[in-house]
Amino acid sequence: MIDGKKVLFSGMQATGTLTIGNYLGALKNWVSLSEEYECFYSVVDLHSITVRQDPAELRRRARALLTLYIAAGLDPKKNCIYYQSHVSGHAELAWILNCFTYMGELNRMTQFKDKSAKHADNINAGLFTYPVLMAADILLYQADVVPVGIDQMQHLEITRDIAQRFNAIYGDVFTIPEPYIGKVGAKIMSLQDPAKKMSKSDENPNASIYLMDDPDTIMRKFKRAVTDSEACVRYTDEQPGIKNLIDIYSACTGKKPEEVEREFDGKGYGDFKTAVGEAAVSVLKPVQERFAELEKDKAYIDSVIKENAEKAGYFAQKTLRKVQKKVGFPEKIR
Ligand code: TRP
């Protein structure tokens, strides 16, 4: 609890270019949570170097992501928006938690298996202990809730296991985090393969609508979206491509899937795709405009970075000191 509010933690990696799926599924909903929770939203750059990065590019993307958090509507006075690498407590707590995590547990992580298959030439120890760093992120702020996608659920489970293990030995040190289940955001699928999640790291650029895509590109990608030969706008698992387009349209307009079915009753896929494209353009446009303005205001972004790193650091230190004492590290002499 901070000032009587429950704590919420989440983070995103600045790798790849954010998609409309990240926006509709996560960012947009984060905005509505800041009244109820004390929110920490990190740009998790420590996680990013588990795969090789170009340094200049990583720095540029991290700043763009942080700026985008604000452009999407997160007020940096109410939400702590910061770089993970600016708060050394993440790495320090991760080390300690590494000593409370078993190889066998980490071996079971499906993301590790997937990523080691994908980056077979660089299966480094950081990739293996990635979930421990994520546990440190969450536990450092004594987070009560963590909004995560289904793909990160296993990491949240291990976070809870580590916290419970630690608490069983040392007493109530960590808050046990819960997944945030509430008004969950839409799960947006690939436009080229509706069985796959829309991903910022998809090799096919037509599969994803990027947050910074211009209107023409957005319209073109929707026109090319994979559908079916039913020729009928219906919300059903048998028509995964159309279902996904309905989800996108619903998330952009606030209309329920049934209303969308009615609206396009008797209309062709061409009309429907145009409407989805236009809805997406009108949702992304204000975010893009705000982003462009913010990007120009270097001093403002710098002040957000500085102030929020200090704020995060303050809470991180509180937990870290407690943990260090519990495991037997000596007090610093001041
Ligand atoms: N691993 C998460 C992802 O790739 C990002 C992340 C890092 C995160 N630390 C976190 C998410 C803590 C929630 C809480 O999506």
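(A) Seen up close, the overall build of the protein chain. Scanning the protein chain for helices and strands turns up 13 helices and five strands. Over its C-alpha atoms the protein chain spans a radius of gyration of 21 Å, differing by no more than 12% from the 20 Å that the globule rule assigns to 334 residues. Considering only C-alpha atoms, the protein chain reaches an extent of 75 × 45 × 40 Å along its principal axes. Evaluated residue by residue, the protein chain yields a buried proportion of 50% over its 334 residues. Considering only residue pairs separated by 6 or more positions, the protein chain has 74% of its internal contacts joining residues 24 or more positions apart.

(B) Structural context of the pairing of strand 1 (residues 6-12). Most of strand 1 sits out of view: five of its seven residues are buried. Judged from the seven bridges that link them, strand 1 and strand 2 (residues 37-43) form a sheet pairing that is parallel. If you follow K6 over to strand 2, its bridge partner there is Y37. This β-α-β element, strand 1 to helix 1 (residues 20-31) to strand 2, shows right-handed connectivity.

(C) View of the layout of surface pockets. The volume enclosed by the second largest pocket comes to roughly 350 Å³. Lining the second largest pocket are 20 residues, with R60, R61, A64, L65 and F291 positioned closest to its centre. Only helix 3 (55-71), helix 12 (269-296) and helix 13 (298-327) provide two or more residues apiece to the lining of the second largest pocket. Among the residues making up the lining of the second largest pocket, the classes are represented as ten nonpolar, five polar and five charged. Counting only domains with at least three residues in the lining of the second largest pocket, you end up with domain 1 (7-185 + 298-327) and domain 2 (205-292).

(D) Broad picture of the domain arrangement of the protein chain. According to the domain assignment, the protein chain contains domain 1 (7-185 + 298-327) and domain 2 (205-292). Tallying the contact residues gives twelve residues for domain 1 and 14 residues for domain 2. Contact between domain 1 and domain 2 buries roughly 1200 Å² in total, counting both sides, with carbon and sulfur atoms accounting for 81%. Remark: the boundary between domain 1 and domain 2 carries zero salt bridges. Run the count over domain 1 and domain 2 and you get three residue pairs in polar contact (both at pLDDT 80 or more). Put simply, the parts of the chain that give the side of domain 1 that touches domain 2 at least two residues each are helix 1 and helix 3.

(E) The packing of helix 1 against helix 12, seen in detail. Put simply, helix 1 and helix 12 touch, their axes get as near as 12 Å, and they point 80° apart. In terms of orientation, helix 1 lies roughly perpendicular with respect to helix 12. When helix 1 is examined against helix 12, the residues I20, Y23 and L24 are found in contact with a partner set consisting of A280, V283, L284 and V287. Along the lines of polarity and charge, the residues of the contact of helix 1 with helix 12 split into seven nonpolar, no polar and no charged.

(F) Inspection of helix 3 at higher detail. Taking 1.5 Å as the rise per residue, helix 3 with 17 residues should run 24 Å; its terminal C-alpha atoms sit 24 Å apart, in good agreement. What helix 3 keeps buried is the set L58, A62, L65, L66, T67, L68, Y69, I70 and A71. Immediately beyond the C-terminal end of helix 3, within one or two residues, lies G73, with a positive phi of roughly 115°.

(G) Spotlight on the site of the ligand. Within the structure, the ligand sits among 13 residues, and F9, Y130, M134, D137 and Q152 are positioned closest to it. One nitrogen or oxygen atom from the side chain of Y130 is found 2.7 Å from a nitrogen atom belonging to the ligand. Contact distances for the ligand include 3.0 Å between a nitrogen atom and a side-chain N or O atom of Q152. Taking 370 Å² as the accessible area of the ligand by itself, protein coverage stands at 88%. Only strand 1 and helix 7 (125-140) provide two or more residues apiece to the shell around the ligand. Sort the elements by how many residues they give to the shell around the ligand and helix 7 lands first, with four residues.

(H) How the structure looks around the environment of V145. By the element assignment, V145 lies in strand 4 (residues 145-146). As for V145 and P179, which are separated by 34 residues in sequence, their C-alpha atoms are 5.6 Å apart. Setting aside residues no more than four positions away along its own chain, V145 makes contact with V7, L8, F9, Y37, E178 and Y180.

(I) Helix 7, seen in detail. Helix length check: helix 7 (16 residues) gives 22 Å between terminal C-alpha atoms against 22 Å at 1.5 Å per residue, within 8%. Considering bend angle alone, the principal kink of helix 7 is centred on P131 and spans about 45°. Of all 16 residues making up helix 7, 13 are buried, and the element is well covered by its neighbours. A side-chain oxygen of the first residue of helix 7 lies 2.9 Å from the backbone nitrogen of G126; this N-cap is N124.

Thresholds, definitions, all that
Counting restarts for each chain, with residues numbered from 1 along the sequence as it is written. This being a predicted model, a pLDDT of at least 70 is required before a residue's local features are given, and a value of 80 or more before pairs of side-chain atoms are given or counted; all residues contribute to the totals for chains, interfaces and linings. In computing side-chain values, all of the structure's heavy atoms are included and hydrogens and water are not. Secondary structure elements follow DSSP: runs of H or I of four or more residues count as helices, runs of E of two or more count as strands, with numbering from the N terminus. Here the radius of gyration uses the C-alpha set of atoms, whereas the globule reference equals 2.2 Å times the residue count to the power 0.38. Working definition: with a 1.4 Å probe on protein chains only, accessible area under 20% of the residue-type maximum means buried, over 50% means exposed, and in between means partly exposed. For this analysis, residues touch if any pair of their heavy atoms sits within 4.5 Å. Between any two strands, pairing holds if DSSP finds at least two bridges. When the strands point away from the viewer, a crossover counts as right-handed if the route from the first strand across the helix to the second turns clockwise. Cavities and pockets were defined on a 1 Å grid built from protein atoms only: a cavity is a group of points that admits a 1.4 Å probe but offers it no way out, a pocket is an open group of points flanked by protein on both sides within 12 Å along at least five of seven lines, and a lining residue is one with an atom within 4 Å of any such point. Grid points are joined across faces, edges and corners, and a volume is the space filled by probe spheres set on the points. Here the nonpolar group is Ala, Val, Leu, Ile, Met, Phe, Trp, Tyr, Cys and Pro; Asp, Glu, Lys and Arg are the charged ones; every other residue, Gly included, is treated as polar. Each domain's limits were defined by an automated method or a database of domain assignments. Summed over both partners, the accessible area lost on bringing two parts together, with a 1.4 Å probe, is the buried area. Note on definitions: salt bridges are taken to be side-chain nitrogens of Lys or Arg within 4 Å of carboxyl oxygens of Asp or Glu. Two N or O atoms count as a polar contact when they lie within 3.5 Å, although within protein this holds only if one can serve as hydrogen donor and the other as acceptor, and sequence-adjacent residues are included solely when both atoms are side-chain atoms. What counts as an axis is a line fitted to C-alpha atoms, over the stretch in contact for a helix, and the angles between N-to-C directions run from 0 to 180 degrees. Angles below 35 degrees are treated as roughly parallel, those above 145 as roughly antiparallel, those between 65 and 115 as roughly perpendicular, and all remaining angles as oblique. The span one expects for a helix is its residue count, reduced by one, times 1.5 Å. Whether a residue is near a molecule or strand is decided by its heavy atoms; if any one of them lies within 4 Å of it, the residue is near. To be clear on the numbers: accessible area is Shrake-Rupley with a 1.4 Å probe, and residue cover counts the displayed protein chains and nothing else. One fitted axis covers the seven residues ending at a residue, a second covers the seven starting there, and the bend at that residue is the angle between these axes.

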